[in-house]
Amino acid sequence: MSSILSISNLSKTYDSGFQALKAVNLEIERGELFALLGPNGAGKTTLISIICGIVTASSGKVTVDGHDIVRDFRAARSMIGLVPQELTTDAFETVWDTVNFSRGLFGKGKNPDLVERVLRDLSLWDKKDNRLMTLSGGMKRRVLIAKALAHEPRLLFLDEPTAGVDVELRRDMWRVVRRLQETGVTIILTTHYIEEAEDLADRVGVINKGEIILVENKAELMHKLGRKQLTLHLAEPITAIPDALAEHQLELNASGEALVYTYDTRGERTGITALLQDIHAAGIRFRDLNTKQSSLEEIFVDLVKAPS
Amino acid sequence: MNLYAISAIYRFEMARTGRTLFQSIISPVISTSLYFVVFGAAIGSRISEVDGVSYGAFIVPGLIMLSLLTQSLSNASFGIYFPRFTGTIYEVLSAPVSYLEIVIAYVGAAATKSIIVGLIILATAGLFVPLEIQHPLWMLLFLVLTSVTFALFGFIIGIWAGNFEQLQLVPLLIVTPLAFLGGSFYSISMLPPAWQTVTLFNPVVYLISGFRWSFYGMADVGVGVSLAMTLLFLAICIAIVAWIFKTGYRLKS
């Protein structure tokens, strides 16, 4: 797959002196769903804002489908749709008018059929004549998505689209996002809900303190960085881990009823066989066991907490 | 040229006028009518003619200009400030729209509204006093140039303003006094010589004088000077707007 978005050495220092981005390099492949994760203030929104033309970069270069975002801004921006993080809508416009406004703004003539389809996909059709100020927060979020889709973008930025949205609506949005991806739209998603990225993304990028610290295929990332935990539920509680088991670096839970063994899935030997033999030799009996794969959330927390 | 975008912004702004019909159109008509009642009928009947023109008719160009200035300014400043305030400006900034197109759309809409208001006031004035327009094309030229210039000025204020108070500050403290002291209700020849010289530093004098000349063929300063000063003010506003967009002042961080 070829890149639809190419970012090279992109830096941004605000007038206050805060360096929001530090020589960011990133390639986004055509048609993929890329999840950009990062804690608050990591630089996610600044990165998106520069690409979309809302913030001026201090240095570096960005191209969208080969079009430079500064020199050839018309061609570049025509391909981009942006759903901003904040619920910024007009108050007095109707849903229908505001979505058509967005289409016109992006240089497209009227297409009522397309706008109707977008509104129906987002369950907004019955609200089309409602003024925006009468809508709930979740509905306004849908309107922002509809506005971003009104000009048929090929590259869609969803900047925390499900923040403050209830579970049902979130699932609706995921459905829409998947359907968009099926039509060939490239999607870049920033989110605080790691399960969203885990569920939707093809690749995951992690940004922290203005630097991209990791870009990886999601499955590979979980495989590479994923840890597993084996929990042994003991037949009888113990007060301390026997010395004979010290080399396995086990953890004993607070009630003394379970031993937890953490191992690396990448290793050729997980050490489970030796552990079980040593436990048997130590005379400890267990009544049950289970294993658990670490989630993307745990991986993310480990990454951003790691000393740089 | 992204004509669809210009049209979208222009229609959006004009729709705002439709939604706020009272505030946008009816309110200035009512206030102007009150001026005619007070200055034209009540006080004007006791004031002698000015250069052969009844006082009621004399103040018509000044009153239209007064509304034109304030309407152009407030429409344009509010038009660009409100999306900045609500955050919806993100959409305009991220759209494939050039700065020139943004200015044409916002300033064009503000100027259109103020011209409509000006023409309505002119029609309203016709109900109170007999009107004559000796140079209708010049009148339209001054009407358009002034509304565009002050819409540009309003656009600058709308971008500069950090809050609603600042948005009102320039129109209230600078433009309205300049308009009142610029000869809306009197000929500057009525002032003592020293004040006449001071008044010539007021740019509104040239707008009103030129506009009044297009009605009655009488002016405080030559019509060529009026036109030149109007164009100079227009050029200054264009230069400031160009600088704003070049630097992203208060629009982009």
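Fair warning: this is a prediction, and the values are worked out from it, not measured in the lab. The numbering scheme is per chain: residues are counted from 1 as the chain's sequence reads. Each chain takes a letter, starting from A, and each ligand takes a number, starting from 1, following the order in which they are written. Owing to the predicted nature of the model, reporting of local features is limited to residues with pLDDT of at least 70; listing and counting of side-chain atom pairs is limited to 80 or more, with chain, interface and lining totals taken over all residues.

Student: Give me the lowdown on the overall build of chain A, citing residues and values where you can.
Tutor: In DSSP terms, a helix is any run of H or I states spanning at least four residues, a strand is any run of E spanning at least two, and both are numbered starting from the N terminus. In terms of helices and strands, chain A carries ten helices and 14 strands. What the globule rule says is 2.2 Å times the number of residues to the power 0.38, and the radius of gyration is computed from C-alpha atoms. Here chain A has a C-alpha radius of gyration of 24 Å; the compact-globule value for 308 residues is 19 Å, and the former is much larger. If one aligns the C-alpha atoms of chain A with their principal axes, the spans along those axes are about 80 × 45 × 40 Å. Partly exposed residues are those falling between the two cut-offs: more than 12 but fewer than 20 other C-beta atoms within 10 Å of their own, whereas 20 or more means buried and 12 or fewer means exposed, with C-beta atoms placed from the backbone. Within chain A, the proportion of its 308 residues that are buried is 36%. Across chain A, the fraction of contacts at a sequence separation of at least 24, relative to all contacts at a separation of at least 6, is 71%. For the purpose of contact definition, each residue receives a C-beta atom placed from its backbone, and two residues are in contact when these atoms lie within 7 Å.

Student: So what's going on with unusual backbone geometry? Which residues, and what values?
Tutor: Residues and elements named next belong to chain A. Located in the positive-phi region is Ala23, a residue other than glycine, with phi close to 45°. Its location among the elements puts Ala23 in strand S2 (residues 19-29). Its 13 C-beta neighbours within 10 Å are what place Ala23 among the partly exposed residues. Unusually for a residue other than glycine, Gln249 sits at a positive phi of about 50°. Secondary-structure assignment places Gln249 in the loop between strand S11 (227-234) and strand S12 (251-252). By C-beta crowding, Gln249 is classed as exposed, having 11 other C-beta atoms within 10 Å.

Student: Summarise the nonpolar core; cite the residues concerned and give the values.
Tutor: Residue and element names in this part refer to chain B. Of all hydrophobic cores here, the largest spans 73 residues; its most connected members are Leu69, Tyr106, Val107, Ala151, Leu152 and Phe155. Here this core gets 15 residues from one element, more than from any other, and that element is helix H3 (residues 55-86). The contact partners of Ala151, leaving out residues within four places of it in the chain, are Ser72, Asn75, Ala76, Val107, Ala110, Ala111 and Ser114. By definition, a nonpolar core groups buried Ala, Val, Leu, Ile, Met, Phe, Trp, Tyr and Cys residues that connect through C-beta atoms lying within 7 Å of each other.

Student: If you had to explain the UniProt feature "domain: ABC transmembrane type-2" (unreviewed entry) in chain B to someone new, which residues and values would you point to?
Tutor: UniProt positions are given in the numbering used here, feature names are shortened, and annotations may be inferred rather than shown by experiment. Per the UniProt annotation, the sites labelled "domain: ABC transmembrane type-2" (unreviewed entry) are residues 19-248 of chain B. Helix makes up 80% of residues 19-248 of chain B and strand 0%, with an end-to-end C-alpha separation of 31 Å.

Student: Tell me about the UniProt feature "transmembrane region" (unreviewed entry) in chain B, residues and numbers included.
Tutor: If you check UniProt for "transmembrane region" (unreviewed entry), the listed places come out as residues 21-43, 55-82, 140-161, 167-188, 200-219 and 225-245 of chain B in our numbering. Within residues 140-161 of chain B, the helical portion is 95% and the strand portion 0%, while the C-alpha atoms at the span's ends are 31 Å from each other.

Student: With reference to specific residues and values, describe the pairing of strand S1 (residues 3-13) of chain A.
Tutor: All names here are of chain A. Strands were regarded as paired on the criterion that DSSP finds at least two bridges between them. Pairing geometry for S1 and S2, over seven bridges, is antiparallel. Residue pairing in the sheet places Ser3 in a bridge with Glu29 of S2. Connecting S1 to the antiparallel partner S2 that follows it, the hairpin turn spans five residues, and Gly17 within it adopts a positive phi of roughly 100°. Sheet topology note: the S1/strand S4 (residues 59-64) ladder contains five bridges and is antiparallel. Residue Ser11 lies in a different strand from S4, and its bridge partner there is Ser59.

Student: Before we move on, could you go through the interface of chain A and chain B and cite the residues and values that matter?
Tutor: Contacts between the two partners involve 25 residues from chain A, matched on the other side by 21 residues from chain B. Those elements that provide at least two residues to the side of chain A that touches chain B are helix H2 (73-78) and helix H3 (95-105) of chain A. When its residues are assigned to classes, the side of chain A that touches chain B shows eleven nonpolar, nine polar and five charged. Polar here means any residue outside two lists: the nonpolar Ala, Val, Leu, Ile, Met, Phe, Trp, Tyr, Cys and Pro, and the charged Asp, Glu, Lys and Arg; Gly therefore counts as polar.

Student: Give a description of the environment of Ala197 of chain A that names residues and reports values.
Tutor: All names here are of chain A. Looking at the secondary structure, you find Ala197 in helix H7 (residues 194-200). Taking the C-alpha atoms as reference points, Ala197 and Leu33, separated by 164 residues in sequence, lie 9.1 Å from one another. When near neighbours in sequence (up to four residues on either side) are disregarded, Ala197 contacts Ala35, Leu37, Leu189, Thr191, Val204 and Leu296.

Student: Break down the packing of helix H2 (residues 21-43) of chain B against H3 of chain B for me, citing the residues and quoting the values.
Tutor: Residue and element names in this part refer to chain B. Helix axes are fitted to C-alpha atoms over the stretch in contact, other axes to C-alpha atoms as well, and angles between N-to-C directions run from 0 to 180 degrees. One way to put it is that H2 packs onto H3 with a least axis distance of 11 Å and a crossing angle of 155°. Comparing the axis directions of H2 and H3 gives the class roughly antiparallel. Classified by chirality, the crossing of H3 by H2 is right-handed. Only Gly56, Ile59, Leu63, Ser67 and Gln71 of H3 make contact with H2, whose side of the interface consists of Pro28, Thr32, Tyr35, Phe36, Phe39, Gly40 and Ala41. Among the residues forming the contact of H2 with H3, the class breakdown is seven nonpolar, five polar and no charged. Throughout this description, any angle smaller than 35 degrees is read as roughly parallel, any larger than 145 degrees as roughly antiparallel, any in the 65 to 115 degree range as roughly perpendicular, and the remainder as oblique. Note on convention: the crossing is left-handed when the near helix lies turned anticlockwise from the far helix by less than a right angle, right-handed when the turn is clockwise.

Student: Let's hear about the packing of helix H1 (residues 3-19) of chain B against helix H5 (residues 99-128) of chain B: which residues, and what values?
Tutor: All names here are of chain B. Packing of H1 against H5 brings their axes to within 8 Å, and their N-to-C directions diverge by 30°. With respect to H5, the element H1 is oriented roughly parallel. Remark: the crossing between H1 and H5 carries right-handed chirality. Residue-level contacts link Ala5, Ile6, Ile9, Tyr10, Glu13, Met14 and Thr17 of H1 to Glu101, Ile104, Ala105, Tyr106, Gly108, Ala109, Thr112 and Lys113 of H5. Along the lines of polarity and charge, the residues of the contact of H1 with H5 split into nine nonpolar, three polar and three charged.

Student: Got a sec to walk through the domain arrangement of chain A? Specific residues and values, please.
Tutor: Residue and element names in this part refer to chain A. Per the domain assignment, the segments of chain A are domain 1 (3-209) and domain 2 (226-305). The source of the domain bounds is an automatic or database domain assignment. Each of domain 1 and domain 2 was reduced to a C-alpha centroid, and the two centroids are 42 Å apart. Contributions of two or more residues to the side of domain 1 that touches domain 2 are made by H7 and strand S9 (203-208). Top contributing element to the side of domain 1 that touches domain 2 by residue count: H7, with three residues. Here the residues of the side of domain 1 that touches domain 2 sort into five nonpolar, one polar and one charged.

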